[in-house]
Each structure stands twice: as C-alpha cells, then as structure tokens.
Amino acid sequence: MQSHAIEMAQVAAAARTGTGRFNMYAGIHKALRAFMVDTLIAVGRADPTDDADVSHAAAQVEELVALCASHVAHENNFVHPALEARCPGVAQPVAQEHEQHLRHIAHLRDAAQALLALEAIEREPALQALYLALALFVADNFQHMHAEETVHNSALWAAYSDAELIGFHDALLATIPPAEMMLVMRWMLPQLNAPERLGVMQGMRAGAPAPVFEGMLTGTKGLLNPQDWAKLARGLGLQPEPGLVA
Ligand SMILES: [Fe+2]
C-alpha cells in the first residue's frame with residue numbers, strides 16, 4: 001500500500017493538472033457523494049417501528065440507486081468511448097467496477113423494496129443489513145469516483161481540448177430527462193462552491209426557459225445558507241435582501 005504522503009502528493013498533482021480545465025466529473029460527483037451520504041444517514045436513522053420512516057428511507061435508496069445506474073450509463077456511453085479512442089485501456093478498471101456497481105445497485109434496490117413488505121419485527125435486522133450494504137456501496141463508489149477524478153481526468157485533459165470535453169458533456173446532458181436533471185440539481189447546487197454554483201445558474205438562465213430557471217432558483221434558495229444565497233444573488237444581479245452581509 002502506498003504511503004499516505006505519496007498518495008496525497010499524487011492527488012495534489014492530479015488536481016493541479018486540471019487547474020483552469022473543464023472538469024466534467026467534479027459537479028456530478030459532488031452531488032452523488034452528498035446524495036449517497038445523506039441516504040446512508042437516512043437508512044441508519046430510520047425507525048423500524050415507523051412505517052413512514054421506513055418508507056421514506058426505502059424510497060430514497062431507490063431514488064439514489066436509480067440515479068447511480070443512470071450515471072454509470074452516462075459514463076459508459078459518453079466518457080469511456082472518448083477515453084478508449086485516445087487513451088486505450090485507461091478506462092478498463094473503472095469499466096469493470098461499473099459492472100460490479102450495477103449488480104450492487106440491483107441488490108440494494110431489491111432490499112429497499114422488500115423492507116416495506118416485512119413484518120415490523122423483521123424490519124430492524126433488514127434495515128441494519130441495508131445500512132451495512134449501502135455503506136459498502138458508498139465506500140466503493142468513493143474510491144471509484146476518486147480514480148475517475150484523478151486517473152480519468154488526467155487522461156482526458158492530456159488527450160482532449162476543453163472544447164472537445166464540453167462537446168462530450170453537452171451531448172451527455174442532452175440525454176437526461178427533466179425529472180432526473182431536477183434531482184441532480186437538488187443534490188448538486190447546494191454542494192458546489194459559490195463560483196461553481198454561479199456558473200451553473202448563469203448557464204441555466206441563458207439556456208433554460210425562464211420558469212425553469214426561476215423554479216430552480218427558488219428551490220436552491222431553500223437549500224443554501226444565507227451567505228451562499230447572498231453570493232449567488234449578487235452574482236446573478238438580483239436585488240440584495242436587507243439584513244444580509246454578503
Ligand atoms: Fe463511474
């Protein structure tokens with residue numbers, strides 16, 4: 001196993017390589033990490049004797065794993081072919097992990113769906129089993145996303161211009177249905193840093209219908225702390241709100 005110091009130096013070098021470059025993984029992976037952790041916590045907290053609690057946790061697991069399956073498909077369909085074209089072999093380990101993730105996803109979906117049909121007395125061990133299985137899935141995915149954001153990104157930045165990478169990313173985004181995009185934005189926008197968040201919202205204001213943008217803005221406001229909301233509002237040129245120091 002590598003020493004911690006070497007590993008940190010490699011991570012820092014990979015991150016520096018991307019300074020000023022288009023990073024197609026960064027935003028969606030922040031969203032997925034947040035959604036995974038929140039869901040794990042929800043399952044851990046779910047009261048086995050409370051139908052609504054169990055139902056909420058099960059629904060969140062199903063929503064999470066559906067998004068994860070879709071994310072795997074996006075990477076397989078749009079990112080891996082680009083890597084294979086100019087960096088043959090680089091995506092192979094991650095592609096194999098995607099197969100494992102899809103099997104893991106099917107198991108988690110079945111376990112979440114089964115929860116609701118269980119007698120109350122059987123729910124406690126079933127919830128604990130789901131919690132442990134989901135924790136391993138999250139752990140695997142955190143390692144996996146790290147490889148994508150270091151190894152894959154370094155390869156993509158070396159092999160492609162930002163214009164080409166944005167072209168792949170735009171083609172990927174065009175395949176995402178509105179409901180999935182709303183879900184991604186719900187988990188992504190609060191987790192981005194302020195400049196990233198402003199960039200996404202400016203892009204949405206330029207490209208989406210006004211009601212969609214307004215709805216997203218209202219939803220985002222409810223998920224941000226006052227300082228982050230003030231930064232976003234100022235960046236978008238919205239009227240400042242009294243009493244907030246930005
Ligand atoms: Fe992946």
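Residues numbered from 1 in each chain as written. Predicted model: local features only at pLDDT ≥ 70, side-chain atom pairs only at ≥ 80, totals over all residues. Heavy atoms only, no water.

Every protein donor of the iron ion is accounted for by Glu75 (OE), His98 (NE2), His144 (NE2) and Glu148 (OE), and the metal-donor separations fall at 1.9 to 2.3 Å. Because the angles between the four donor atoms bound to the iron ion fall within 83 to 166°, the donor set is best described as irregular. Donor residues for the iron ion, ordered by position in the chain, follow E-x22-H-x45-H-x3-E. Pair noted here: Glu75 is in helix α3 (residues 51-86) and His144 is in helix α5 (residues 120-159), with a separation of 69 residues, a long-range link. Assessed through its relative accessible area of 2%, Glu75 is described here as buried. (Donors = N, O, S within 2.8 Å, 3.2 Å for Na, K, Ca; no water. Tetrahedral: all angles 85-135°; square planar, octahedral: opposite > 155°, others 65-115°. Helix = DSSP H or I, 4+ residues; strand = E, 2+ residues; numbered from the N terminus. Buried < 20%, exposed > 50% of the residue type's maximum accessible area, 1.4 Å probe, protein only.)

The next thing to look at is helix α8 (residues 194-207). Counted at 1.5 Å a residue, the expected span for α8 with its 14 residues is 20 Å, and the 20 Å between its end C-alpha atoms agrees. If you check which residues of α8 are buried, you get Ala194, Arg197, Leu198, Met201 and Met204. Mapping the buried residues of α8 onto a view down its axis gives an arc of 125°, with all of them on the same face. α8 presents Pro195, Ala206 and Gly207 as exposed residues on the side facing more than 90 degrees away from its buried surface. The distance from a side-chain oxygen at the start of α8 to the backbone nitrogen of Glu196 is 2.9 Å, and the residue carrying that oxygen is Asn193. (Expected span 1.5 Å × (residues − 1). Arc of directions from axis to C-beta. Polar contact = N/O pair within 3.5 Å; in protein donor to acceptor, adjacent residues only side chain to side chain.)

What follows covers the confidence of the model for the chain. When pLDDT is averaged across the chain, the result is 93; 96% of the residues are at 70 or more. For the chain, per-element mean pLDDT is lowest for helix α1 (residues 4-17), which scores 82, and highest for helix α2 (residues 26-45), which scores 98. (pLDDT = per-residue confidence, 0-100.)

Met36, Leu134, Met201 and Leu232 are the most contacted members of the largest nonpolar core, which totals 46 residues. Contributions of two or more residues to this core are made by α2, α3, α4 (92-115), α5, α7 (178-188), α8, α9 (210-221) and α10 (226-235). Residues from two domains meet in this core; each of domain 1 (23-185) and domain 2 (193-236) gives at least three. The residues contacting Met201, other than those within four sequence positions of it, are Leu189, Phe213, Met216, Leu217, Leu232 and Leu236. Counting 12 residues, the second largest nonpolar core, distinct from the first, contains Met24, Tyr25, Leu83 and Ala91. (Core = buried A, V, L, I, M, F, W, Y, C linked by side-chain atoms within 4.5 Å. Domains from an automatic or database assignment. Contact = heavy atoms within 4.5 Å.)

With that out of the way, let us pick up the UniProt feature "domain: Hemerythrin-like" (unreviewed entry) in the chain. Mapped onto this structure's residue numbering, the UniProt feature "domain: Hemerythrin-like" (unreviewed entry) falls at residues 28-150. Helix makes up 89% of residues 28-150 and strand 0%. Its end C-alpha atoms lie 15 Å apart. (UniProt positions renumbered as here; feature names shortened; annotations may be inferred.)

To continue, consider the layout of surface pockets. If you roll a probe as big as a water molecule over the atoms, it shows you where there is empty space left. Considering only enclosed or pocket space, the largest pocket measures out at about 980 Å³ in volume. Lining the largest pocket we find 35 residues, and of these His169, Leu173, Met185, Met188 and Val200 sit closest to its centre. The set of elements that each furnish at least two residues to the lining of the largest pocket consists of α2, α3, α6 (162-173), α7, α8 and α9. When its residues are assigned to classes, the lining of the largest pocket shows 23 nonpolar, eight polar and four charged. Split by domain, the residues of the lining of the largest pocket number at least three in each of domain 1 (23-185) and domain 2 (193-236). (1 Å grid on protein atoms, 1.4 Å probe; cavity = no way out; pocket = protein on both sides within 12 Å on 5 of 7 lines; lining within 4 Å. Points joined across faces, edges and corners; volume = space filled by probe spheres on them. Nonpolar A, V, L, I, M, F, W, Y, C, P; charged D, E, K, R; others polar.)

Another point: the pattern of salt bridges. Opposite charge on two side chains lets them pair, provided their charged atoms get close. Across all of its chains, the model carries six salt bridges by this definition. The shortest N-O distance in the salt bridge between Arg86 and Glu164 comes to 3.2 Å. Residue Arg86 is found in helix α3, and its partner Glu164 is found in helix α6; the two are separated by 78 residues along the sequence. (Salt bridge = Lys/Arg side-chain N within 4 Å of Asp/Glu carboxyl O.)

Where α8 meets α9, the axes come as close as 9 Å, and the angle between the chain directions of the two elements is 155°. As far as their axial angle goes, α9 and α8 are roughly antiparallel. For the pair α8 and α9, the sense of crossing is left-handed. Contact residues: Arg197, Met201, Met204 and Arg205 in α8; Phe213, Met216, Leu217 and Thr220 in α9. Residues of the contact of α8 with α9, tallied by class, amount to five nonpolar, one polar and two charged. (Axes fitted to C-alpha atoms, helices over the stretch in contact; angles between N-to-C directions. Parallel < 35°, antiparallel > 145°, perpendicular 65-115°, else oblique. Left-handed = near helix turned anticlockwise from the far one by under 90°.)

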